[in-house]
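A look at the structure
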Amino acid sequence: MRRTNNGLAWPISARVIIIMKDELGLYYHPQAGNALSRVYVRRGPDGEVEFRLWRADHPEVWERHPWLSMAVVRSAARMYQQERNAESDPLLLYDIAVARVLLQEDEA
């Protein structure tokens, strides 16, 4: 939920936002009911939102994939769809609206 100056709140992307943080940073679960996947968010050196995927069932994902800007995520998603699976939408994991709310609430 996002707080406004007048105290109102509304859901972002039809989800209730709960700030979660651990030793790796600030994160959200990109798939409802799946606690095995997390998307970590941070502000990069230029202030841009960056993402990094973590999966309990595939720890090598964290090691092999660096922090990515939304532009890089979009480009990689297009390549994945063209080269591997046209039916999938990797962008469903990376929610810029959720990331911005998490960062804003964490910075408040």
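Quick note: structure is the one above.
A quick note: this is a predicted structure, and the numbers were derived from the prediction, not measured.

The next thing to look at is helix H2 (residues 70–83). With 14 residues, H2 extends 20 Å from end C-alpha to end C-alpha; this agrees with the ideal 20 Å at 1.5 Å per step. Every buried residue of H2 is accounted for by Met70, Val73 and Ala77. Each buried residue of H2 sits inside an arc of 50° when the element is viewed along its axis, so together they form one side. Turned more than 90 degrees away from the buried face of H2, the exposed residues are Gln82 and Glu83. Where H2 is buried, its residues contact strand S6 (49–55), strand S7 (68–69) and helix H3 (96–107).

Grouped together as the largest cluster of nonpolar side chains are 17 residues, with contacts concentrated most on Tyr28, Val41, Phe51 and Tyr94. Looking at this core element by element, the count peaks at 5 residues for H3. The next biggest cluster of nonpolar side chains, apart from the first, holds 5 residues, and it includes Tyr27, Tyr40, Trp54 and Trp62.

Right, let's talk about the sheet that holds strand S4 (residues 25–28) for a bit. The strands making up a sheet associate through hydrogen bonds between their backbones, and the pairing can be parallel or antiparallel. One open sheet accounts for 5 strands, arranged S3-S4-S5-S6-S7; its pairing is antiparallel. If you trace the sheet from one side to the other, it starts and ends with strand S3 (20–22) and S7, each paired once. Pairing of S6 with S7, which is carried by 2 bridges, proceeds in the antiparallel orientation. Paired with Glu50 across the bridge in S7 is Ser69.

Burial within S6 is extensive, with 6 of its 7 residues counted as buried. Here 7 bridges tie strand S5 (residues 37–43) to S6, and the two strands are oriented antiparallel to one another. In the sheet register, Val41 faces S6, and the bridge partner there is Phe51. Linking S5 to S6, which pair antiparallel, is a turn of 5 residues; within it Gly47 sits at a positive phi near 90°.

All right, on to the pattern of salt bridges then. Pairs can form between side chains of opposite charge once their charged atoms are near each other. Overall, the coordinates contain 5 salt bridges when judged by the stated rule. Residues Glu107 and Arg43 are paired through a salt bridge, measuring 3.0 Å at the closest nitrogen-oxygen approach. Here Glu107, found in helix H3, pairs with Arg43, found in strand S5; they are 64 residues apart in sequence, far enough to count as distant. In this structure, Arg55 and Asp57 form a salt bridge, with 2.9 Å as the shortest nitrogen-oxygen distance.

How each quantity is defined
Positions within a chain are numbered from 1, following the residues in the order the chain's sequence is written. For a predicted model such as this one, the threshold for reporting local features is a pLDDT of at least 70, and the threshold for listing and counting side-chain atom pairs is 80 or more; totals across whole chains, interfaces and linings nevertheless cover every residue. Side-chain measures were taken over the full set of non-hydrogen atoms in the model, leaving aside hydrogen atoms and water. Per the convention used, a helix needs a DSSP run of H or I reaching at least four residues, while a strand needs a run of E reaching at least two, with both numbered from the N terminus. One less than the residue count of a helix, multiplied by 1.5 Å, gives the span that helix is expected to have. Throughout this description, buried means an accessible area under 20% of the type-specific maximum (1.4 Å probe, protein chains only), exposed means over 50%, and partly exposed covers the range between. Note that the arc is computed from the directions linking the helix axis to the C-beta atoms. Residue contacts follow a heavy-atom distance rule, with two residues in contact if any of their heavy atoms lie within 4.5 Å. To qualify as a nonpolar core, a set must consist of buried Ala, Val, Leu, Ile, Met, Phe, Trp, Tyr and Cys residues joined through side-chain atoms within 4.5 Å. Strand pairing follows a simple DSSP-based rule, namely that at least 2 bridges must link the two strands. Put simply, a salt bridge is a Lys or Arg side-chain nitrogen that is within 4 Å of an Asp or Glu carboxyl oxygen.

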